[in-house]
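Commentary on secondary and tertiary structure
Residues per chain are reported as follows:
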Amino acid sequence: MQTVRTPGSARAIARTLKRPVGLVPTMGALHEGHLALVRRARAENASVIASIFVNPLQFGPGEDYERYPRAFARDFELLEAEGVDLLYAPAAERMYRPGFSTSIDVGKLGTVFEGARRPGHFTGVATVVAKLLDALEPTSLYLGQKDVQQTAVLRQLVSDLDLPTNVVVAPTVREPDGLALSSRNAYLSQAQRHAAPSLHRALAAIAAAIASGVTEPAVALAAGAPLLEAPLEWDYLAIVDPQSFAPCERCEPPALVVAVARAGATRLLDNVTVPGADGVDPILTPERPLRTRVELRGPA
Ligand code: PAF
């Protein structure tokens, strides 16, 4: 696995890789969720690039940028063992040179739910991912469902800027008890970790209510909200349109249930989908047989 540290060398080496190319962008501290994305990218592409960059632009004042877990040596070994071809791990000063001032604002989608709680967060995400896509020119970008609003924001970015990249969204990977994997789970106390799976149980109960024909949002939410266990507390819980994230007035499949539970200073994100009558999941990209892959840029 080659490692590059600057956008120029990343672009030069990425252009030598056999296409199609899958990109898995990460902030490091890798877990099975990241590795599932790498494996999916490996299965669907001739080459795989991973990036590790703890992006200061997407952390607000007082958030955990400084203490965000960093484990480069272990991450390197994991990515190499998965057969990643190229690792792009730029230093912050190289990603954002002195005087850097451009940012990408995706509009309303970036201002609701996570965007309202973390002003500027999605501008930071969209800006860094635009830079990664520009430097690495992947055929497909692999994202996890857990950060579902991020997947919507990045789909909007790719569509609005006509970027020649597919966005592939893969299912959330969970602990056996249902807790969604996250690098921030390492912050949980024993009591918080014990209660954490109740978040997914609550969301699953709401999804089941919608799937069984409950259309009144308050009634569907009441089927799950009380299941959240102390010391966790709701930050937000809503049933939304899977594309616009507008809260539904009458909830019919396909639908998306989004939530954050607070565990002290840690915020646990999760979501569940309710597929439409056609059985199609509104968020996930179906796994494609290799022969139907479409190459969007460059020679095969
Ligand atoms: O999901 C993440 O880890 C980050 O938001 C991403 C997509 C790597 C951008 O910094």
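Parameters and conventions
Residues numbered from 1 in each chain as written. Predicted model: local features only at pLDDT ≥ 70, side-chain atom pairs only at ≥ 80, totals over all residues. Heavy atoms only, no water. Pairing = 2+ DSSP bridges. Helix = DSSP H or I, 4+ residues; strand = E, 2+ residues; numbered from the N terminus. Axes fitted to C-alpha atoms, helices over the stretch in contact; angles between N-to-C directions. Contact = heavy atoms within 4.5 Å. Buried < 20%, exposed > 50% of the residue type's maximum accessible area, 1.4 Å probe, protein only. Core = buried A, V, L, I, M, F, W, Y, C linked by side-chain atoms within 4.5 Å. Near = heavy atom within 4 Å. Polar contact = N/O pair within 3.5 Å; in protein donor to acceptor, adjacent residues only side chain to side chain. Areas by Shrake-Rupley, 256 points an atom, 1.4 Å probe, with all protein chains shown as cover. Nonpolar A, V, L, I, M, F, W, Y, C, P; charged D, E, K, R; others polar. Phe/Tyr/Trp six-rings, centres within 6.5 Å; stacked < 30°, edge-to-face > 60°. Lys NZ or Arg CZ within 6 Å of the ring centre and 35° of its normal. Parallel < 35°, antiparallel > 145°, perpendicular 65-115°, else oblique. Left-handed = near helix turned anticlockwise from the far one by under 90°.

**Remarks on the sheet that holds strand E8 (residues 255-263)**
Taken in spatial order, the 3 strands line up as E7-E8-E9 in an open sheet, and their pairing is antiparallel. Edge positions in the sheet fall to strand E7 (233-240) and strand E9 (266-274), since each of these pairs with one other strand and no more. Direction aside, the axes of adjacent strands within the sheet are offset by 10° on average. Of the strand pairs in this sheet, E8 and E9 are connected by 9 bridges, and their pairing is antiparallel. In the sheet register, Val-257 faces E9, and the bridge partner there is Val-272. Across the sheet, helix H9 (residues 197-211) touches E7, E8 and E9, and the angle it forms with E9 is around 25°.

**Some words on the pairing of E9**
Counting buried residues in E9 gives 8 out of 9 residues, a clear majority hidden from the surface. Linking E8 to E9, which pair antiparallel, is a turn of 2 residues; within it Gly-264 sits at a positive phi near 60°.

**Considerations on the nonpolar core**
Counting residues in each nonpolar core, the largest one holds 45 residues, and the members touching the most others are Ile-49, Phe-113, Val-129, Leu-136, Phe-245 and Val-258. Residue contributions to this core peak at 10 residues, all from helix H6 (residues 121-136).

**Let's talk about the site of the ligand**
The full set of residues close to the ligand is Pro-25, Thr-26, Met-27, Asn-55, Gln-58, Val-128 and Gln-150. For the ligand, an oxygen atom lies 2.6 Å from a polar atom in the side chain of Gln-58. In this structure, an oxygen atom belonging to the ligand sits 2.6 Å away from a side-chain N or O atom of Gln-150. In isolation the ligand offers 290 Å² of accessible surface; the protein chains occlude 89% of this area. Taken together, the residues of the shell around the ligand sort by class into 3 nonpolar, 4 polar and no charged.

**Description of the sheet that holds strand E5 (residues 140-144)**
Spatial strand order, E1-E4-E3-E2-E5-E6: 6 strands in an open sheet with parallel pairing. Each end of this open sheet is capped by a strand with a single partner; those strands are strand E1 (2-4) and strand E6 (166-170). In this sheet, adjacent strand axes meet at a mean angle of 25° when their direction is disregarded. Two strands pair when backbone bridges link them, and strand E2 (residues 21-26) and E5 are joined in this way by 2 bridges, in the parallel orientation. Directly across from Leu-23, in E5, lies its bridge partner Leu-141. Running over the sheet, helix H3 (residues 72-81) touches E1, strand E3 (47-52) and strand E4 (86-88) and is turned about 170° from E3. Sheet contacts for helix H7 (residues 148-160): E5 and E6; angle to E6, the most-contacted strand, approximately 170°.

**Quick look at the packing of aromatic side chains**
In this description, an aromatic ring pair is defined by two values, namely the gap between the centres and the angle between the planes. Tallying each qualifying case throughout the model produces 6 aromatic pairs. On the numbers, 5.1 Å between centres and 55° between planes, the contact of Phe-113 with Tyr-236 is tilted. Of this pair, Phe-113 sits in the loop between helix H4 (92-95) and helix H5 (114-117) while Tyr-236 sits in strand E7, and the two are 123 residues apart along the sequence. Taking the relative accessible area as the measure of exposure, Phe-113 reaches 13% and is therefore buried. Taken together, the ring pairs in this structure connect Phe-53, Tyr-96 and Phe-100 into an aromatic cluster. Between the NZ or CZ atom of Arg-67 and the centre of the ring of Tyr-187, over which it lies, the distance is 4.0 Å. Sitting above the plane of the Tyr-65 ring, Arg-70 keeps its charged end 5.0 Å from the centroid.

**Structural notes on the packing of H6 against H7**
Close contact between H6 and H7 brings their axes to 10 Å; oriented N to C, the two are set at 55°. The orientation of H6 relative to H7 falls into the category oblique. Crossing geometry of H6 relative to H7 is assigned as right-handed. Residues Phe-122, Val-125, Ala-126, Val-129, Ala-130 and Leu-133 of H6 pack against Gln-149, Gln-150, Val-153, Leu-154, Leu-157 and Val-158 of H7. In terms of residue class, the contact of H6 with H7 is made up of 10 nonpolar, 2 polar and no charged.

Honestly, that's just the spatial picture; any functional story needs more than this.
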